[in-house]
Amino acid sequence: MSNNIRVRFAPSPTGPLHIGGVRTALYNYLFAKKHGGTFILRIEDTDQKRYVTNAEKYIIEALNWSGIPFDEGVGKEGKFAPYRQSERKDIYKKHIQTLIDKDWAYYAFDTPEELATQRKQHEAAGKTFSYNQVLRKTLNNSISLSKDEVSKRLDKGDSYVIRFKTPQDETVYLTDIIRGDMKIDTNTLDDKVLFKSDGIPTYHFANIVDDHEMEISHVIRGEEWLPSLALHVMLYKAFEWKAPEFAHLPLLLKPVGKGKLSKRDGDKLGFPVFPLEYTNEKTNEVSRGYREDGYFPEAFINMLAFLGWNPGTEQELFSLEELVAAFSLERVSKSGAKFDLDKTKWFQQQYMKTKSDAELVELFNPYLEPHLGGFMFTDFNTEYRTKVVSLIKERATFVSDLWDLASFFFLPPFEYDPKATKKAWKEDTAEIMQNLKEVVENTHSFTSDSIENNVKEWIKESELGFGKVLMPFRLSLVGSMQGPHVFDIAALIGKEETLSRMNRIIKELD
Ligand code: GLU
C-alpha cells in the first residue's frame, strides 16, 4: 500500500458522539497508524438546523479520552486547514461553479410549495415523485428553461438550489473493501441537491470536495452512507478526480435481536451508548458515559474494536499498539455487530486485573478519602492500602467497586448481615469465640500463615468443625460472609483490631 494513507473521521456536530461513531474513528485511526498514515478530524457542520454548540468539544474530548487522537484537524495546525466545513464555503463555491460549467449540475428554481404539489399529484396517481432524469425536463430548472430565462431569474435573485445532473441509462460500478463490488442503474437515482438555497453545500457535496482537497485515500465510515456511494462516485467522475477507496462498516446492533443501537437505547437498556457523560443543552437531560461509569479507556477501545472486526485468532485482549498491528479492513465483517454488555464488563475486568497494585491504590485514593474522616482504628499508609488492594482486586470490575469490597479493612463492621448471622451464630458460638480469642491472643507472629496454623490446629484438637469457627470469625471481622481469605484479613488489620472485633460481636450477638 502506498505510504500516503490519509483517512478522516468526519462527524457532524449534532449531539454527543455515539459509540458507533467512536468505533468509526477507531478503525480509521488503526488503519492510518498501521500504514504509517495520517488520521484527520473534520467537522461537517453544514447542517445549521441540527448544529449543537457543545458537540464539537465533546467529540474532541471523547477522542482524547479514548486514546485515539487525530494528527490533523480542528484546533491543530494542518496543511489543509480549516477543518470545519462552515469555514470552507469559498472552496465549495469555486467547485460548484466548475460542475455547472461542465454541465454536471444545474440550477433548480422550484419552490418548496411547487415541489409539494408535485409530490401530492404523484401520490394521488399512486406514484412517487422523484426529481430525476425524466421529470427534471418538466420542472423549473436551467435544463428545462431557456438560457435567457435562467439568466433573468439569476439576476433577479430568485431563490434556487443546485442539483446534480444524474446521467441516464448508465450503470455505476462501485467497489467497497468490505462489501465487494456493487452496481447501480442510474435511472433509479434522483438528482440530489448539492447546494441549498442558503448558499451552503449539502453533506454530499462538501464531503467529496473535502475528501478530494484533503487528499483522503480511504473513506472508512458507517454503513448508513452506503446508499450515498453511487452519488459520491459519480461526483468524482464528474470532476475527473480520482476517487478514494471506500469501506463501509457494519451497523452496531442492540444486544437483543435485530435493530440499530440508537442514541436512545442507552437509557432504555441500562448501559451507556456514549463515551462520555453528556448533558443536553436544551433539556438538561444527562446521558451516561463509559468514562463516568468507570470504564478504562483501554477496555472501552478493546471492546469497540471487536464490534465488527476480529483478528482471526483466539486472542481477545489487545493494547492499542497490538490493535494497530493486527488490524485490517479485510477482517471487518459485513453483518451487523451486536453490542454485548457482559462482554463489555468482561473487558473491563481484564484490564482491572492488569493494573499494578500501586496503580490501583492511586485510582482508589479518591474513593477512599471521603471515608477516611470517620472512625478509624489505625493510620492507613500506602503500604497498607497496597496490601488491601492486592487482596480484593480480583473481585472488582470497576475502581468504584473497591470501597465496597474493602471497607472492613478500614472500618469495623457496623452491622452484621442478618442472613449470615443466622447461619453463623448458634447457641454455643459465643463460647467458641471466647476460646478462639485465646488462640488469636497467643499467636505471637501475627502473619496470615501462623494465625491459620494455630487456629486450624485448635479446631482439630477441639473437634469443632471448621464452619462452626470460621463462619463467626469471618462475620466478626467483615460483617458478612464476603471478602478474601479470613486469615489474610486478620493479619492485615492486626491482632488488636481482630480481638476488638471479636469482643464486639460477642457482646452484640450473645
Ligand atoms: N458527516 C457524516 C457523518 O456524520 C460523515 C459521513 C462520512 O464519513 O462520509 O457521519
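Residues numbered from 1 in each chain as written. Predicted model: local features only at pLDDT ≥ 70, side-chain atom pairs only at ≥ 80, totals over all residues. Heavy atoms only, no water.

Caption draft 1: Here's a closer look at the site of the ligand. If you check the shell around the ligand, you find Arg-8, Ala-10, Pro-11, Ser-12, Glu-44, Tyr-203, Asn-207, Arg-221 and Trp-225 and nothing else. Contact distances for the ligand include 2.7 Å between an oxygen atom and a side-chain N or O atom of Arg-8. In this structure, an oxygen atom belonging to the ligand sits 2.8 Å away from a side-chain N or O atom of Tyr-203. About the coverage of the ligand: the protein hides 84% of its 290 Å² of free accessible area. According to the grid-proximity analysis, the pocket containing the ligand is the largest pocket. By residue class, the composition of the shell around the ligand is four nonpolar, two polar and three charged. (Near = heavy atom within 4 Å. Polar contact = N/O pair within 3.5 Å; in protein donor to acceptor, adjacent residues only side chain to side chain. Areas by Shrake-Rupley, 256 points an atom, 1.4 Å probe, with all protein chains shown as cover. 1 Å grid on protein atoms, 1.4 Å probe; cavity = no way out; pocket = protein on both sides within 12 Å on 5 of 7 lines; lining within 4 Å. Sits in = over half its atoms within 2 Å of the grid points. Nonpolar A, V, L, I, M, F, W, Y, C, P; charged D, E, K, R; others polar.)

Caption draft 2: The arrangement of the layout of surface pockets in detail. The calculated volume of the largest pocket comes to roughly 1100 Å³. Around the largest pocket, the lining comprises 42 residues; the ones closest to its centre are Ser-12, Thr-14, Arg-50, Glu-224 and Trp-225. Of all the secondary-structure elements, those providing two or more residues to the lining of the largest pocket are strand E1 (6-9), helix H1 (19-34), helix H6 (203-213) and strand E9 (218-222). With four residues, the top contributor of residues to the lining of the largest pocket is H1. For the lining of the largest pocket, the per-class residue count stands at 16 nonpolar, 14 polar and twelve charged. Size it by volume and the second largest pocket reaches roughly 410 Å³. Tallying contributions element by element places helix H14 (residues 402-410) first for the lining of the second largest pocket, with five residues. For the lining of the second largest pocket, the per-class residue count stands at twelve nonpolar, five polar and four charged. (Points joined across faces, edges and corners; volume = space filled by probe spheres on them. Helix = DSSP H or I, 4+ residues; strand = E, 2+ residues; numbered from the N terminus.)

Caption draft 3: Local environment of the pattern of salt bridges. Tallying each qualifying case throughout the model produces 32 salt bridges. For the salt bridge of Asp-71 with Lys-33, the shortest nitrogen-to-oxygen distance reads 2.8 Å. On the criterion of sequence distance, the pair formed by Asp-71 in the loop between helix H2 (55-66) and strand E3 (72-73) and Lys-33 in helix H1 is long-range, its members being 38 residues apart. Residue class for Asp-71 comes out partly exposed when judged on its relative accessible area of 33%. A salt bridge links Asp-191 to Arg-136; the nearest nitrogen and oxygen atoms lie 2.6 Å apart. Note that Asp-191 is positioned in the loop between strand E7 (180-185) and strand E8 (193-195) and Arg-136 in the loop between helix H4 (112-124) and helix H5 (147-156), a separation of 55 residues in sequence. We classify Asp-191 as buried; its relative accessible area is 0%. (Salt bridge = Lys/Arg side-chain N within 4 Å of Asp/Glu carboxyl O. Buried < 20%, exposed > 50% of the residue type's maximum accessible area, 1.4 Å probe, protein only.)

Caption draft 4: Spotlight on the packing of helix H16 (residues 429-441) against helix H17 (residues 448-462). Where H16 meets H17, the axes come as close as 10 Å, and the angle between the chain directions of the two elements is 135°. The orientation of H16 relative to H17 falls into the category oblique. In the crossing of H16 with H17, the sense of the turn from one axis to the other is right-handed. Together, Ile-432, Asn-435, Leu-436 and Val-439 of H16 and Asn-454, Val-455 and Trp-458 of H17 make up the contact between the two elements. Residue composition of the contact of H16 with H17, grouped by class: five nonpolar, two polar and no charged. (Axes fitted to C-alpha atoms, helices over the stretch in contact; angles between N-to-C directions. Parallel < 35°, antiparallel > 145°, perpendicular 65-115°, else oblique. Left-handed = near helix turned anticlockwise from the far one by under 90°. Contact = heavy atoms within 4.5 Å.)

Such coordinate-based values are descriptive only and should not be taken to indicate function.
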